[in-house]
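Secondary and tertiary structure notes
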Amino acid sequence: MATTTKIRPRALVRASGGPRYAVALAVDALGTGLLRPFLLLYGVTVLRLSAPATGIAMTVGIVVGLVCMPAVGRWLDRGARSTVVAASMVVRALGVALLLATPAGHVWLFATAALFLGIGNQAWPAAHAALVATVAHGRERDAALAGGRALRNAALGVGALLATACLAGGTAALQALAAVTGLAYLAAAALAWSVHLRAHPAAASAGDTADGPAPRMRALLAANVVYVFCLNVPEIALPLVLVTQLHASPVWSAAIFVANTVLVVTLQVPVTVLMSRFPRRTVLALAGVVLAASYLGFLAATSLGHGWGAPAVATVSVVCTIGEIIYAGSATALVTALAPAHVLGRSLARFELSTGFGLAVSPAVITALAPLGPAALWGSLTAATLLSASAVATEKDHGTRHSGCRPDIRSAA
């Protein structure tokens, strides 16, 4: 088994699509960080919509945006790579334009804008993973995917910090942030498209049959729905528990979120490289065990009550973030390794469907379980995650494996 044992920044950038593509990712994420954390606030303060109506519109946009994924998968399987990435950014720019054009009180126009943003946000991960899988192979691909996630989280954090500093300007500042976000999406789209990267699935090795189906990965996809709950733990579960159950200051929630971002940025690539000496499926199962252990840790921490409870929750959140890092570094990489080249796009689209579904339902599940007590919330998450880890570990790969596509790079990346 080939492993990646060293982190070479230049090689990592090349494996991630090249310097120009890396800049596109950074610009795109920076623009996203300027607006996405404050989209609800935009609907409430700028458009004067009620908070429930704004939240429902955003949720509908995310869920309906998932419908585009089969078409995205087929597009990718026809060889498109940088074009799909650029298209996902252009669609989000259209969403921002609609947002800026929405008059106050028009919830349906806001919902349409949220739909375009949702389509772009859902399509981008699969398109990005397919592009990286075409440029890089083996464990170098895993490190490249991890590097892209670290870069994206860093730019998202910078964008959110800049937006927070500008919020004192009121509604005018929010509108300005939205306009800058749209421009950032367009600039990132132009950079991504200029890479001119296509793949030729027909050039796959003889081990792939041209008409073979995509691997089913039923256990992996079902488990992924549960795994992605970890992404909403720092943003939803912990603030809810800290404020409503432990009566702690909101500062704790903010500190945990910042620590999560910093740890992902600094550790995503090193941890992924460290784990490259083990099979991807084993690493993904390990991620579930680590996440389940952190959920049990949160259960124990909340039992300490006011005073020691908040510091204990913050400490355990580091373990949860490590589990998230291991999960993020192995899940998409496992899908790209399992999928034959000619169905890579459809396989990634199905995986993104499971991710999007998990992200969509997790806030409702978490907020429904939290009032029932810590045991109901953390016990349920622990049991579900351990069951998912077991399903991942025992699922058979049926001999499917990813074989490289021959890239066609018309312009140096």
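Everything here concerns the structure above.
Quick caveat: nothing in here was measured; it's all calculated off a predicted structure.

**Quick word on the pattern of salt bridges**
- One pass over the full model with this rule turns up 8 salt bridges.
- In the salt-bridge network here, residues are joined through shared partners; they are Arg139, Arg141, Asp142 and Arg280.

**A short note on helix 7 (residues 107-135)**
- For helix 7, spanning 29 residues, the distance from its first C-alpha to its last is 42 Å, which sits close to the expected 42 Å at 1.5 Å a residue.
- Most pronounced at tryptophan 124, the bend in helix 7 amounts to some 30 degrees, and the proline proline 125 follows within four residues.

**Remarks on a nonpolar patch on the surface**
- Together, Ile56, Val60, Ile62, Val63, Val64 and Val67 line one region of the surface with nonpolar side chains, adding up to about 500 Å² of accessible area.
- Structurally, isoleucine 56 can be placed in helix 4 (residues 51-65).

**Focus on unusual backbone geometry**
- Here arginine 48, not a glycine, exhibits a phi torsion of approximately 60 degrees, which is positive.
- By the element assignment, arginine 48 lies in the loop between helix 3 (39-46) and helix 4.
- Under the relative-accessibility criterion, arginine 48 is labelled exposed at 64%.
- The residue histidine 196 is not glycine, and still its phi comes out positive at about 50 degrees.
- Checked against the element boundaries, histidine 196 lands in the loop between helix 9 (171-194) and strand 1 (197-200).
- Given a relative accessible area of 24%, histidine 196 falls into the partly exposed group.

**Side note on helix 16 (residues 374-394)**
- Given a rise of 1.5 Å per residue, 21 residues ought to cover 30 Å, and the 30 Å separating the end C-alpha atoms of helix 16 matches this to within 8%.
- Residues Leu377, Trp378, Leu381, Thr382, Thr385, Ser388, Ala389 and Val392 constitute the buried set of helix 16. Projected down its long axis, helix 16 carries its buried residues within an arc of 135 degrees, all on one side. For helix 16, the exposed residues set more than 90 degrees away from the buried face come down to Ala375, Leu387 and Thr394.
- Tucked inside the fold, the buried residues of helix 16 contact helix 10 (218-227), helix 11 (229-245), helix 13 (280-302) and helix 15 (344-369).

**Notes on the side chain of threonine 181**
- The topology assignment puts threonine 181 in helix 9.
- Those residues in contact with threonine 181, other than ones at most four positions away along the chain, are Gly31, Thr32, Leu34, Leu35 and Val96.

**Describing the packing of helix 6 (residues 82-101) against helix 7**
- Packing of helix 6 against helix 7 brings their axes to within 8 Å, and their N-to-C directions diverge by 165 degrees. Judged on the interaxial angle alone, helix 7 and helix 6 are roughly antiparallel. Two packed elements cross with a definite hand, and for helix 6 against helix 7 that hand is left-handed.

**Quick look at the packing of aromatic side chains**
- Counting across every chain of the model gives 3 aromatic pairs.
- Aromatic side chains phenylalanine 298 and tryptophan 378 sit 4.7 Å apart centroid to centroid with 35 degrees between the ring planes, which places their arrangement in the tilted category. Of this pair, phenylalanine 298 sits in helix 13 while tryptophan 378 sits in helix 16, and the two are 80 residues apart along the sequence. This pair shows no difference in class: phenylalanine 298 is buried, exactly as tryptophan 378 is.
- When the ring centre of tyrosine 185 is taken as origin, the NZ or CZ atom of arginine 92, which lies over that ring, is 4.8 Å away.
- Against the face of tryptophan 124 rests arginine 152, its NZ or CZ located 4.4 Å from the ring centre.

Cut-offs used in this document
Residues numbered from 1 in each chain as written. Predicted model: local features only at pLDDT ≥ 70, side-chain atom pairs only at ≥ 80, totals over all residues. Heavy atoms only, no water. Salt bridge = Lys/Arg side-chain N within 4 Å of Asp/Glu carboxyl O. Helix = DSSP H or I, 4+ residues; strand = E, 2+ residues; numbered from the N terminus. Expected span 1.5 Å × (residues − 1). Bend = angle between axes of the 7 residues up to and from the residue. Patch = residues over 30% accessible without salt bridge, like charges linked within 9 Å, V, L, I, M, F, W, Y side chains within 5 Å. Areas by Shrake-Rupley, 256 points an atom, 1.4 Å probe, with all protein chains shown as cover. Buried < 20%, exposed > 50% of the residue type's maximum accessible area, 1.4 Å probe, protein only. Arc of directions from axis to C-beta. Contact = heavy atoms within 4.5 Å. Axes fitted to C-alpha atoms, helices over the stretch in contact; angles between N-to-C directions. Parallel < 35°, antiparallel > 145°, perpendicular 65-115°, else oblique. Left-handed = near helix turned anticlockwise from the far one by under 90°. Phe/Tyr/Trp six-rings, centres within 6.5 Å; stacked < 30°, edge-to-face > 60°. Lys NZ or Arg CZ within 6 Å of the ring centre and 35° of its normal.

Without other data, these values stay purely geometric and don't point to any function.
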